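A closer look at the structure
Chain residues, written in single-letter form:
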Amino acid sequence: MENTNQANQLNFKIAPAYKRLLAYTIDSLPIWLIIFIIGYMFFGFDEILSMRLNWGDNIDVRQQFLIVRNYIRDLTLIIWILYSLFADASSLQGTLGKKIMKIKVVDEVGQRITFKKSVLRNLFKIICAIPIHLGFIWILFNKKRRGWHDMVAKTYVIERN
């Protein structure tokens, strides 16, 4: 309770939701591009996609497509979580996208978050995504623009000075 009162007394300028979304987009594009290239070069995704588009009724083709697609999706998620985990706890206090958008991740008293807090925050993003991304959509309706992952880790995303 005391920490909540401390956070309410500090003059954080909470980052608007659109800046958080743009930061996420900036961070995601290079990751998606890298995974896309890896998928085509090493997993033959181009061939599997072509087969899926041409022979989509074939159950074996569908199954092969889904296996590779899920592998690529899971790899993308792991890379994004690891990147965010280290970036949030770094001296940048956030990802490159957050730096470009002039926002950062802080704890309840406005300080850089610990690695442990970053682990909690970023692993909880998986939970936020499961029910149709409701944990992230929550940012739009929360007065302090906090997603579930922010509330669990007791973090804020604020404007940089």
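Nonpolar side chains in soluble globular proteins generally cluster together in the buried interior. Formed by Ile 31, Ile 35, Phe 45, Ile 48, Phe 65, Val 68, Ile 72, Trp 80 and Ile 81, the largest nonpolar core amounts to nine residues. Secondary-structure elements contributing two or more residues to this core are helix H2 (17-42), helix H3 (45-54) and helix H4 (59-89). At five residues, H4 tops the list of elements feeding residues into this core. Residue contacts for Val 68: discarding those within four places in its chain leaves Phe 43, Phe 45 and Ile 48. By size, the runner-up hydrophobic cluster in this structure holds seven residues, among which are Ala 15, Ala 23, Ile 103 and Val 157.

Next up on the list: unusual backbone geometry. Most peptide bonds adopt trans geometry, and most residues besides glycine take a negative phi value. The phi torsion at Lys 102 lies on the positive side, around 60°, for a residue other than glycine. Given a relative accessible area of 54%, Lys 102 falls into the exposed group.

Overall, the coordinates contain four aromatic pairs when judged by the stated rule. Between the aromatic rings of Phe 86 and Phe 115, the centroid separation amounts to 5.4 Å while the plane-to-plane angle is 40°, which identifies the pairing as tilted. On the criterion of sequence distance, the pair formed by Phe 86 in helix H4 and Phe 115 in helix H6 (residues 115-129) is long-range, its members being 29 residues apart. Taking the relative accessible area as the measure of exposure, Phe 86 reaches 51% and is therefore exposed. The class for Phe 115 is partly exposed, based on a relative accessible area of 43%. Relative to Trp 148, the ring of Trp 138 lies with its centre 6.3 Å away and its plane at 55°, an arrangement referred to as tilted. A residue pair is termed long-range when its members are at least 10 positions apart, and Trp 138 in helix H7 (residues 134-141) and Trp 148 in helix H8 (residues 148-153) qualify at 10 residues.

Residues three or four positions apart in an α-helix share a direction because the helix packs 3.6 residues into each turn. A rise of 1.5 Å per residue sets the reference length of H4, with its 31 residues, at 45 Å; its end C-alpha atoms lie 45 Å apart and thus fit the reference within 8%. Those residues of H4 lying buried are Val 61, Phe 65, Val 68, Ile 72, Thr 76, Trp 80, Ile 81, Ser 84, Leu 85, Ala 87, Asp 88 and Ala 89. Where H4 is buried, its residues meet H2, H3, helix H5 (96-100), strand E1 (103-106), H6 and H7.

We now examine the pairing of E1. Side-chain alternation along E1 places Ile 103 and Val 105 on one buried face and Lys 104 and Val 106 on a second face that is also buried. Across four bridges, E1 lies against strand E2 (residues 156-159) in antiparallel orientation. Of the residues in E2, the one forming a bridge with Lys 104 is Ile 158.

Next up on the list: the pattern of salt bridges. One pass over the structure, following the stated rule, counts five salt bridges. The closest approach of N and O atoms between Arg 20 and Asp 150, which form a salt bridge, is 2.7 Å. Pair noted here: Arg 20 is in helix H2 and Asp 150 is in helix H8, with a separation of 130 residues, a long-range link. What you see here is one network of salt bridges that share partners, running through Arg 20, Asp 88, Arg 121 and Asp 150.

Turning to the side chain of Thr 155, a few remarks are in order. Relative to the elements of secondary structure, Thr 155 occurs in the loop between H8 and E2. If sequence neighbours within four positions are ignored, Thr 155 has contacts with Val 105, Val 106, Asp 107, Ile 113, Lys 117, Arg 121, Arg 146, His 149 and Asp 150.

Here the chain averages 89 in pLDDT, and 93% of its residues register 70 or above. Model confidence for the chain, summarised as mean pLDDT per element, is weakest for helix H1 (residues 2-9) at 48 and strongest for E1 at 98. Under a pLDDT of 50 for its full length, residues 1-7 has, in the predicted model, five contacts with residues more than four places off or in other chains.

Rules used throughout
Residues numbered from 1 in each chain as written. Predicted model: local features only at pLDDT ≥ 70, side-chain atom pairs only at ≥ 80, totals over all residues. Heavy atoms only, no water. Core = buried A, V, L, I, M, F, W, Y, C linked by side-chain atoms within 4.5 Å. Buried < 20%, exposed > 50% of the residue type's maximum accessible area, 1.4 Å probe, protein only. Helix = DSSP H or I, 4+ residues; strand = E, 2+ residues; numbered from the N terminus. Contact = heavy atoms within 4.5 Å. Phe/Tyr/Trp six-rings, centres within 6.5 Å; stacked < 30°, edge-to-face > 60°. Expected span 1.5 Å × (residues − 1). Pairing = 2+ DSSP bridges. Salt bridge = Lys/Arg side-chain N within 4 Å of Asp/Glu carboxyl O. pLDDT = per-residue confidence, 0-100.

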